[in-house]
Amino acid sequence: MKKLALHWKIIIGMVLGVVYGLIANQLGWVDFTNDWIKPWGKIFVNLLKLIAVPLVFASLIKGVASLSDISKLSRIGGKTIAIYLVSTVIAVTIGLLLVNTVKPGEGFDKDSISKTEQIEEGANKKIKAAENVKDGGPLQFLVDIVPTNIFDAASNNRNMLQVIFFAILFGIALVMIPNEKTTYVKGFFDGINDIILQIVDIIMMAAPYGVFALLGGLVVDFGASAELFISLAKYSVTVIVGLLLMILVVYPLILKIFTKMKYKDFFKGIMPAQMLAFSTSSSAATLPVTMERCEDHLGVSEEVSSFVLPLGATINMDGTSLYQAVAAVFIAQAFGYSLGLTDQLTIVLTATLASIGAAAVPGAGMIMLIIVLGSIPTLPSDIIAPGLALIFGVDRILDMMRTVVNVTGDATVATVVASTEGKLKEVTEEELMS
Ligand code: ASP
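Conventions adopted
Residues numbered from 1 in each chain as written. Predicted model: local features only at pLDDT ≥ 70, side-chain atom pairs only at ≥ 80, totals over all residues. Heavy atoms only, no water. Near = heavy atom within 4 Å. Polar contact = N/O pair within 3.5 Å; in protein donor to acceptor, adjacent residues only side chain to side chain. Areas by Shrake-Rupley, 256 points an atom, 1.4 Å probe, with all protein chains shown as cover. 1 Å grid on protein atoms, 1.4 Å probe; cavity = no way out; pocket = protein on both sides within 12 Å on 5 of 7 lines; lining within 4 Å. Sits in = over half its atoms within 2 Å of the grid points. Helix = DSSP H or I, 4+ residues; strand = E, 2+ residues; numbered from the N terminus. Nonpolar A, V, L, I, M, F, W, Y, C, P; charged D, E, K, R; others polar. Contact = heavy atoms within 4.5 Å. Axes fitted to C-alpha atoms, helices over the stretch in contact; angles between N-to-C directions. Parallel < 35°, antiparallel > 145°, perpendicular 65-115°, else oblique. Left-handed = near helix turned anticlockwise from the far one by under 90°. Points joined across faces, edges and corners; volume = space filled by probe spheres on them. Patch = residues over 30% accessible without salt bridge, like charges linked within 9 Å, V, L, I, M, F, W, Y side chains within 5 Å. Salt bridge = Lys/Arg side-chain N within 4 Å of Asp/Glu carboxyl O. Buried < 20%, exposed > 50% of the residue type's maximum accessible area, 1.4 Å probe, protein only.

> Explanation requested: the site of the ligand in the structure shown.
Neighbouring the ligand are 15 residues; Ser283, Thr320, Gly365, Asp399 and Arg402 lie closest to it. Note that an oxygen atom of the ligand is positioned 3.1 Å from one of the backbone N or O atoms of Ala364. Contacts to the ligand include Arg402, whose side-chain N or O atom sits 2.6 Å from an oxygen atom. Protein chains shield 100% of the accessible area of the ligand, which is 270 Å² for the free molecule. With respect to the pocket detection grid, the ligand is positioned in the largest cavity. At the level of elements, helix H17 (364–375) and helix H19 (395–420) are the ones that each hand at least two residues to the shell around the ligand. Counting residues per element, the shell around the ligand draws most heavily on H19, at four residues. Counted by class, the shell around the ligand contains five nonpolar, eight polar and two charged residues.

Okay, here's the thing in structure tokens:
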């Protein structure tokens, strides 16, 4: 019998997880789910996070070291960052066009949504987190990229940019030293890299079970929020339509213009990573799988993927920026403010920067939304807290969806950069499907 492709197994896991969650909700199995199902989801996510730092480290060093000259690195780097920026601005613009056309917040009865204490508390927590981000001058982000201690940096997945910085520096130095002195070091990182990719394969065998537990647990958590989702349906649907446009129109167009890859093939190759992005709501946790899929199943060379993807997971979030644009205007509309051109342009700028600054973890986009809201000239700051509380209930489900777009965007750019650099190899049908 033909073996079922991984993405089918994951889809089955997801569907069964949702079905389980619905049944568990009906039968009141909340404690059982919390005690016996959810931990498996957490273990699965932990496993993915566990290998993120070593993977980025080893593959980036290997990738940089295999570039024969450093000028290539700056060319690939420049290209990558430019495409990331353009795709983010496209995403924000789509978000703004949609929300200004659909106007989901106009005539919205904001008092119709009963806010629980939990929601208020959650919104306030996000505001506190945003205050920490805001401290520091305009160059703070550069200061934050340069670690003072590599072990310190490597001990926290949130410091991925610092790890990337050190790995690139290490790789560059490696290239500058005569070959005979670095043979062993290169061999060492080569070996480590292969071992870690093998670990990714092992972890992926557990993916169908992992997503079952993650989604089962989430549906039990959501329980009461179905009602909330309906009352915020117009807003949620606006975000979702925008995200779909990115996946179904913008990325296929980009791939068509810059590569020879058929979107169907791209989609098949990247699908398992998209499903993990959906189930974990974290581009960082998904990163090892995104890298493995791009290299082994889409044919992106390691030199490109090892640089483009970790960077993308941290700074390229098209889904997040689109969501921020829609959410910011929705909140303004719901509170009766109409935003002029200056306000909208401010959103383009701040949502782009905010998505770059957002950590690749669940809920990070909402923290940065506070900064977007705070920068819109027409909006008074006292609507930030009630505005967040308004959309808080549906944020997790939208987070799951925007993370899919974030990951797809990274993979698209990796494919484009690889193709334009002549580093995209043809893949066989079997590699695509496995
Ligand atoms: N969860 C998103 C990610 O990891 C970030 C966000 O929008 O909250 O890509």
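After that view of the structure, there is still more to cover.
> When you look at the environment of Asp343 in this model, what are you seeing that I'm missing?
Locating Asp343 in the fold gives a position in helix H16 (residues 341–357). Between the alpha carbons of Asp343 and Thr378 there is a distance of 6.8 Å; along the sequence they are 35 residues apart. When residues no more than four places from it in sequence are discounted, the contact partners of Asp343 are Ile376, Pro377 and Thr378. A distance of 2.5 Å separates polar atoms of two side chains, one belonging to Asp343 and the other to Thr378.

> Can you help me understand the packing of helix H7 (residues 160–176) against helix H14 (residues 302–315) in this one?
Closest axis-to-axis distance for the H7/H14 pair is 10 Å, and the angle between their directions is 155 degrees. Viewed along their axes, H7 and H14 adopt a mutual orientation that is roughly antiparallel. Taken as a pair, H7 and H14 cross one another with a handedness that is left-handed. Contacts between H7 and H14 involve Met160, Leu161, Ile164 and Ile168 from the former and Phe307, Pro310, Leu311, Thr314 and Ile315 from the latter. In the contact of H7 with H14, the residues fall into eight nonpolar, one polar and no charged.

> Please clarify how empty space enclosed by the protein should be interpreted in this entry.
In the structure shown here, the tally under the stated rule is three cavities of 30 Å³ or more. By volume, the largest cavity is sized at about 70 Å³. Taken together, 16 residues form the lining of the largest cavity, with Thr320, Ala359, Val361, Asp399 and Asn406 sitting closest to its centre. For the lining of the largest cavity, the elements supplying multiple residues, two or more each, are H17 and H19. Approximately 40 Å³ is the volume attributed to the second largest cavity.

> Can you help me understand a nonpolar patch on the surface in this one?
Together, Val237, Val241, Leu244, Leu245, Leu248, Val249, Leu253, Ile257 and Phe258 make up a nonpolar patch on the protein surface, roughly 790 Å² of accessible area in all. Residue placement: Phe258 occurs in helix H11 (residues 233–258). Overall, Phe258 belongs to the partly exposed group, its relative accessible area being 44%.

> Would you mind going over the pattern of salt bridges with me for this structure?
Where charged atoms from two side chains of opposite charge come close, those side chains can pair. With the rule as written, the count across this model stands at eight salt bridges. Here Asp221 and Lys38 are joined by a salt bridge, their closest N and O atoms 3.1 Å apart. Within this pair, whereas Asp221 is found in helix H9 (residues 207–222), its partner Lys38 is found in helix H2 (residues 30–65), the two being separated by 183 residues in sequence. With relative accessibility at 27%, the residue Lys38 sits in the partly exposed group. Each member of the salt-bridge network shares a partner with another, and the members are Lys62, Asp190 and Glu302.

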